[in-house]
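# Structural overview
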Amino acid sequence: MSIIEVRGLSKTFSTKENTVEALRDIDLDIEAGDIYGIIGMSGAGKSTLVRCLNYLETPTQGTVVVEGNDLGKLTDKQLRDLRSSIGMIFQSFNLLMQRTVIDNVCFPLIIHGTGRAEARKKAMTLLETVGLSDKAAAYPAQLSGGQRQRVAIARALACDPKILLCDEATSALDPQTTQSILDLLRTINRDTGITIVIITHQMSVVREICNHVAIVENGSIVEKGLVEDIFTHPKSRAARQLIIEGKDPDEWESAQDAPAKADAHTVPILHEDRKIRIVFSSNSSFEPVIANMILTFHEPVNILKADTKDVNGVARGEMILGLPGDRELQDRMIAHLKERGLAVEEVE
Amino acid sequence: MWSHEVIMMIVEGIRDTLYMVLVSTICGYILGLPWGVVLAVTDKDGIRPNQGVYSVLSFITNIMRSIPFLILLILIIPFTRMIVGRSYGSTATIVPLTISAAPFIARMVESSLKEVDHGVIEAAQSMGASIMQIILKVLLVEARVSLISGATITLGTILGYSAMAGTVGGGGLGDIAIRYGYYRYQADIMVVTVILLVVLVQIFQFIGTLIGTKLDKRHA
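On a predicted model such as this, the values are computed, not experimentally measured, just so you know.

Turning to the domain arrangement of chain A, a few remarks are in order. All names here are of chain A. Assigned domains of chain A: these are domain 1 (4–85 + 161–252) and domain 2 (269–347). Inter-centroid distance (C-alpha atoms) of domain 1 to domain 2 is 33 Å. With 14 residues of domain 1 in contact, the opposing surface of domain 2 contributes 14 residues. Together domain 1 and domain 2 conceal approximately 1200 Å² of surface at their shared face, both sides included; 45% is due to carbon and sulfur atoms. Linking domain 1 to domain 2 there are one salt bridge. Glutamate 345 serves as the salt-bridge partner of arginine 240, at 4.0 Å between the closest nitrogen and oxygen. Remark: the boundary between domain 1 and domain 2 carries two residue pairs in polar contact (both at pLDDT 80 or more). Mapped onto the side of domain 1 that touches domain 2, the elements with two or more residues apiece are α7 (203–209), α8 (227–232) and α9 (237–243). Counted by class, the side of domain 1 that touches domain 2 contains five nonpolar, three polar and six charged residues.

Put into structure tokens, the structure is as follows:
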């Protein structure tokens, strides 16, 4: 059984003037030990969705079952107790600014009745895990953004939760700090088997750390599955935009409105050329495929986009190539690439 | 003119004023702090919204805040007499001062608590904190600088009210200023009491700011 099961979840916000349907008929299964990404543009409803997973938001319809507990059927007290097994971190860290780092980490322990001495001992261990044991007596205002998020992670882990919810946890951080936070999350996932749910608008975050992903658009999940599969064969429009065109979800709308601007993302080349997208998988990434192909056919190809990366210890990536004019040569090149275990598809 | 008696009278005036102001502020907070907490918690953006409770409480607060202090002072004389046994002197003045300070304090506390970052409250909720724990361990702690600054303002306001109570025999520096300065045309004594009132406000403000700065950990 999945650690988190969401069935038919809808959430409507109503004001006097109008009602907004933030989420529509969401089904989601998250397995224990997963790092599950939920990606979508701002306003897609992903933040509301993650808040339904610990009932910070009560769904209008549908059920959320966490570790076999139907959250809608719990009493206030039971829900609060269950929340100690669901940690959460936020974009703006949300630390208690008037308390020291160690008191922040102790906070969830104290509210669940742990003694002060024991809580401090536990908090020190957690601060060591996140690499901040020397900052125990500092106040959050004295720390950098990345350090604050580390404190927030230590705090979220204080009650040994089974699940960690991350709401845009890296969106306020620079790329290097984002990387170090993601590394930390991966380490914690590996060492403790904690299930991590990551809400983000950055595809790079999903590719970097998640094994499953759900793509949210306008309050619905338009595509979900293994990151690898969706990355190799994106089906929905949102996924294709996200992966092939490499756009951040924030740009989706504007890209639709202004196609001219979208073209600026790809280098214009000779019009008669065919463009293909190739996806590298583990077996081919150590071979200089493109270089070998050029040497084999004595014809140049144009690399329109290239993005390769080490994901979970396996090199993975994609390229978009512009092939030379000769139709027959193009087909031979495609066959050559397919022979080497690459997924090839034509793109516009 | 500056006889021993006059000096003693002014010293006693300072003592009475401090006594009235500090005791009224403490009593005012005993009533006004929980009152303000309930206002902040039950408001529509609060942690336990309850429109009924909020509307009633807010209405009562507004009514009480809109009665001018001097009128309230006279209006509740029977009540004051019931509680302290008489209606004049500094102890008797504490009753109307407290009653007029409490709704003022309630609004101060409400606005201080509403300044607390909603994200921090949400974080506490996500950890499973109860309403009481959020109030005691998050709201009151995170808002402490603003609460202290509110208390400083309250002290200054109550000091002003206490001087007003002097017109009806309330005791303290205000009483002296009225009796000597107004009824007996001894302007010099009035000026001295006014200067002393100004000095007291300055001292309250200084101490309040000092504590506030000391407690504020929001800056690096």
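Once the structure has been displayed, the description carries forward.
Residues and elements named next belong to chain A. Pairing is antiparallel in the open sheet, where four strands are placed in the order β2-β1-β4-β5. Of all strands in the sheet, those bounded by a partner on one side alone are β2 (19–30) and β5 (69–70). With five bridges joining them, strand β1 (residues 4–14) and strand β4 (residues 61–66) adopt antiparallel strand pairing. Residue pairing for β4: valine 6 is matched across the bridge by valine 64.

Below, the discussion takes up unusual backbone geometry. Residue and element names in this part refer to chain A. Residue asparagine 218 is not a glycine yet carries a positive backbone phi of 50°. Relative to the assigned elements, asparagine 218 resides in the loop between β9 (212–217) and β10 (220–226). Phi at histidine 298 takes a positive value of approximately 55°, unusual for a residue other than glycine. Within the secondary structure, histidine 298 sits in the loop between α12 (289–297) and β12 (302–311). For histidine 298, a relative accessible area of 68% translates into the label exposed.

Attention shifts here to the packing of aromatic side chains. Aromatic rings considered in pairs are described by the distance between their centres and by the relative angle of their planes. All names here are of chain B. Under the counting rule described, the total for this entry stands at two aromatic pairs over all chains. Ring plane angle 0° and centroid distance 4.7 Å describe the contact between phenylalanine 69 and tyrosine 161, whose orientation is recorded as stacked. Residue phenylalanine 69 is found in helix α3 (residues 69–75), and its partner tyrosine 161 is found in helix α8 (residues 144–165); the two are separated by 92 residues along the sequence. The exposure class of phenylalanine 69 is buried, given its relative accessible area of 5%. Note on tyrosine 161: relative accessible area 26%, which makes it partly exposed. Note on tyrosine 182 and tyrosine 183: the rings are 5.3 Å apart at their centroids and 70° apart in plane angle, and the pair reads as edge-to-face. With respect to class, tyrosine 182 is no different from tyrosine 183; both count as exposed.

How big an interface is tends to be stated in terms of accessible area lost as the parts join. If you look at the interface, chain B gives 26 residues, while chain A gives 25 residues. Between chain B and chain A the total buried area reaches about 2100 Å² when both faces are included, carbon and sulfur atoms providing 58% of it. By the criterion of area lost to chain A, the three top residues of chain B are Ser126(B), Met127(B) and Lys217(B), representing 30% of everything that side buries. There are two salt bridges connecting chain B and chain A. The closest approach of N and O atoms between Asp76(A) and Arg48(B), which form a salt bridge, is 3.4 Å. Here the side of chain B that touches chain A gets seven residues from one element, more than from any other, and that element is helix α6 (residues 118–126) of chain B. Along the lines of polarity and charge, the residues of the side of chain B that touches chain A split into ten nonpolar, seven polar and nine charged.

Residues and elements named next belong to chain A. When β4 meets β5, the two strands line up antiparallel, connected through two bridges. Pairing of valine 66 across the sheet is with asparagine 69, part of β5. Linkage of β4 to β5, two consecutive antiparallel strands, is achieved through a turn of two residues, within which glutamate 67 is found at a positive phi near 50°.

Now for the sheet that holds strand β6 (residues 86–90) of chain A. All names here are of chain A. Strand order in the open sheet made by the six strands is β6-β7-β8-β3-β9-β10, with mixed pairing throughout. The open sheet is flanked by β6 and β10, the only strands paired with a single partner. Adjacent strand axes in the sheet meet at a mean angle of 15° when their direction is disregarded. Bridge analysis of strand β3 (residues 35–39) against strand β8 (residues 195–200) gives five bridges, and the strand direction is parallel. Residue tyrosine 36 lies in a different strand from β8, and its bridge partner there is valine 197. Relative to β6, helix α5 (residues 145–156) is tilted by about 165°, and along the sheet it contacts β6 and β7 (163–167).

In an α-helix, one full turn covers 3.6 residues, which means residues spaced three or four apart are oriented alike. Its 39 residues give helix α1 (residues 4–42) of chain B an end-to-end C-alpha distance of 56 Å, which sits within 8% of 57 Å, the value for a rise of 1.5 Å per residue. Of all the bends in α1(B), the greatest, near 30°, is centred on Tyr29(B).

Thresholds, definitions, all that
Residues numbered from 1 in each chain as written. Chains lettered and ligands numbered in written order. Predicted model: local features only at pLDDT ≥ 70, side-chain atom pairs only at ≥ 80, totals over all residues. Heavy atoms only, no water. Domains from an automatic or database assignment. Contact = heavy atoms within 4.5 Å. Buried area = accessible area lost by both parts, 1.4 Å probe. Salt bridge = Lys/Arg side-chain N within 4 Å of Asp/Glu carboxyl O. Polar contact = N/O pair within 3.5 Å; in protein donor to acceptor, adjacent residues only side chain to side chain. Helix = DSSP H or I, 4+ residues; strand = E, 2+ residues; numbered from the N terminus. Nonpolar A, V, L, I, M, F, W, Y, C, P; charged D, E, K, R; others polar. Pairing = 2+ DSSP bridges. Buried < 20%, exposed > 50% of the residue type's maximum accessible area, 1.4 Å probe, protein only. Phe/Tyr/Trp six-rings, centres within 6.5 Å; stacked < 30°, edge-to-face > 60°. Axes fitted to C-alpha atoms, helices over the stretch in contact; angles between N-to-C directions. Expected span 1.5 Å × (residues − 1). Bend = angle between axes of the 7 residues up to and from the residue.

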